[in-house]
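Reading the structure
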Amino acid sequence: MVTFKDFRNNVKPNWCPGCGDFSVQTAIQRAAANVGIQPHDLAVISGIGCSGRISGYIHSYGFHGIHGRALPIAQGLKMANKDLHVIASGGDGDGFAIGMGHTIHSIRRNIDITYVVMDNQIYGLTKGQTSPRSAEGFKTKSTPGGAIEPSVQPLELALTSGATFVAQGFSSDIKELTAIIEAGINHKGFSFINVFSPCVTYNKVNTYDWFKEHLTKLSTVEGYDSTNREEAMKVVMETEGLVTGIIYQDENAPSYQEQVPGYAPTPLVDQNLKMSEQEFNALLQDFM
Ligand SMILES: Cc1ncc(C[n+]2csc(CCOP(=O)(O)OP(=O)(O)O)c2C)c(N)n1
Ligand code: SF4
């Protein structure tokens, strides 16, 4: 039987002690084990940032890509090898600044992958600049007078972009986070998971204590219906995005792969794509 230890490797993370990303790593490892997949059935694709290092710390296939580009790589991989479970991950800068275009289009495309954002509301790796998730008035060395723009609201954005799975977790609650990621992996479509993952070194405002004080757990909201998009939007707006749990899920929406005409049941990696010279010349003629 596979356990979370099977997803451990011997690389020691060089995150700062107390960084929220440790818990995200643990939750992914536990969720993968709970789903019952083997390390060789999983690929973790990351962007650049402290968070982006995660692909190197999990015993699975992995690829540490470039800033903001985890999602295109992850989607290409899934299209080529549909039997692989693919998790894309990165920071809020990675996903909501440089990679924002990919985030919105991946959500509406609904390819069957899981996207875990480690949202610390700051740029960690580059030593503490304001990110699109920093609140208005947030002071850093890049906004010494306080951030002027309102912050990106990832849950609202996902819901209005046609997401079929929207959830949010918190590094301090590994149990809930594991359950969310497990549900995300099992979801047949794009699962968008934002995780409050505090940066203990540079973000002295959005700390563990701050989140504990401000977060509402959906499991405590009586009668909440996560299949209702309107209700999801309402709870997100009422809590100003400070809510954890599975906020919305549509289990019936077809994934992108299911709708691509001619998408073969055999993964591309297992197909013999070699052409005879005759076939190649015939194909070439089509373009003449
Ligand atoms: C094309 C490009 N632009 C800018 C950078 C510099 N850079 C590296 S990480 C980063 C942001 C990191 O913040 P985030 O994505 O939130 O991740 P964190 O480090 O907080 O986990 C930036 C701007 C880069 N590596 N590549
Ligand atoms: S700088 Fe912040 S985000 Fe980066 S490893 Fe340290 S605590 Fe984590």
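Data block above holds the structure.
To start, this report covers the structure provided alongside it. These numbers were taken from a predicted model, which means no experiment stands behind them.

Right, let's get into the site of ligand 1. Around ligand 1, 16 residues are found, and the nearest of them are C50, S51, G93, D94 and G124. Between ligand 1 and the protein, one listed contact pairs an oxygen atom with a side-chain N or O atom of S51 at 2.8 Å. The separation between an oxygen atom of ligand 1 and a polar main-chain atom of G93 is 2.8 Å. Protein contact buries 72% of the 590 Å² of open area that ligand 1 shows by itself. Residue contributions to the shell around ligand 1 peak at four residues, all from helix α3 (residues 92–98).

Here we come to the sheet that holds strand β8 (residues 243–249). As summarised here, the arrangement of the eight strands in space is β2-β1-β3-β4-β6-β5-β8-β7, forming an open sheet in which the pairing is mixed. Looking along the sheet, the strands with just one partner apiece sit at the ends: β2 (61–64) and β7 (216–217). As paired elements, strand β3 (residues 85–91) and strand β4 (residues 114–119) share five bridges and run parallel to each other. When the bridges of β4 are listed, A88 appears paired with Y115.

Let's shift gears to the pairing of β8. Taken across its seven residues, β8 has six buried, putting it largely inside the fold. Sheet analysis places strand β5 (residues 165–170) next to β8, joined by four bridges and oriented antiparallel. Note on β8: the bridge partner recorded for Q168 is G245. This β-α-β element, β7 to helix α8 (residues 229–238) to β8, shows right-handed connectivity.

Quick look at the site of ligand 2 now. All residues adjacent to ligand 2 are W15, C16, C19, C50, N120, C199, V200, T201 and Y202. Of the residues that constitute the shell around ligand 2, the class distribution is seven nonpolar, two polar and no charged.

It is worth spelling out helix α2 (residues 70–80) at this point. Turning to α2, its buried residues number three or more, namely A70, L71, A74, Q75, K78 and M79. Buried residues of α2 fall within an arc of 155° about the axis and therefore sit on the same side. Buried-residue contacts for α2 involve β1 (42–46), β3, α3, α4 (100–109), β4 and α9 (256–259).

Calculation notes
- Residues numbered from 1 in each chain as written.
- Chains lettered and ligands numbered in written order.
- Predicted model: local features only at pLDDT ≥ 70, side-chain atom pairs only at ≥ 80, totals over all residues.
- Heavy atoms only, no water.
- Near = heavy atom within 4 Å.
- Polar contact = N/O pair within 3.5 Å; in protein donor to acceptor, adjacent residues only side chain to side chain.
- Areas by Shrake-Rupley, 256 points an atom, 1.4 Å probe, with all protein chains shown as cover.
- Helix = DSSP H or I, 4+ residues; strand = E, 2+ residues; numbered from the N terminus.
- Pairing = 2+ DSSP bridges.
- Buried < 20%, exposed > 50% of the residue type's maximum accessible area, 1.4 Å probe, protein only.
- Right-handed = clockwise from strand over helix to strand, strands pointing away.
- Nonpolar A, V, L, I, M, F, W, Y, C, P; charged D, E, K, R; others polar.
- Arc of directions from axis to C-beta.
- Contact = heavy atoms within 4.5 Å.

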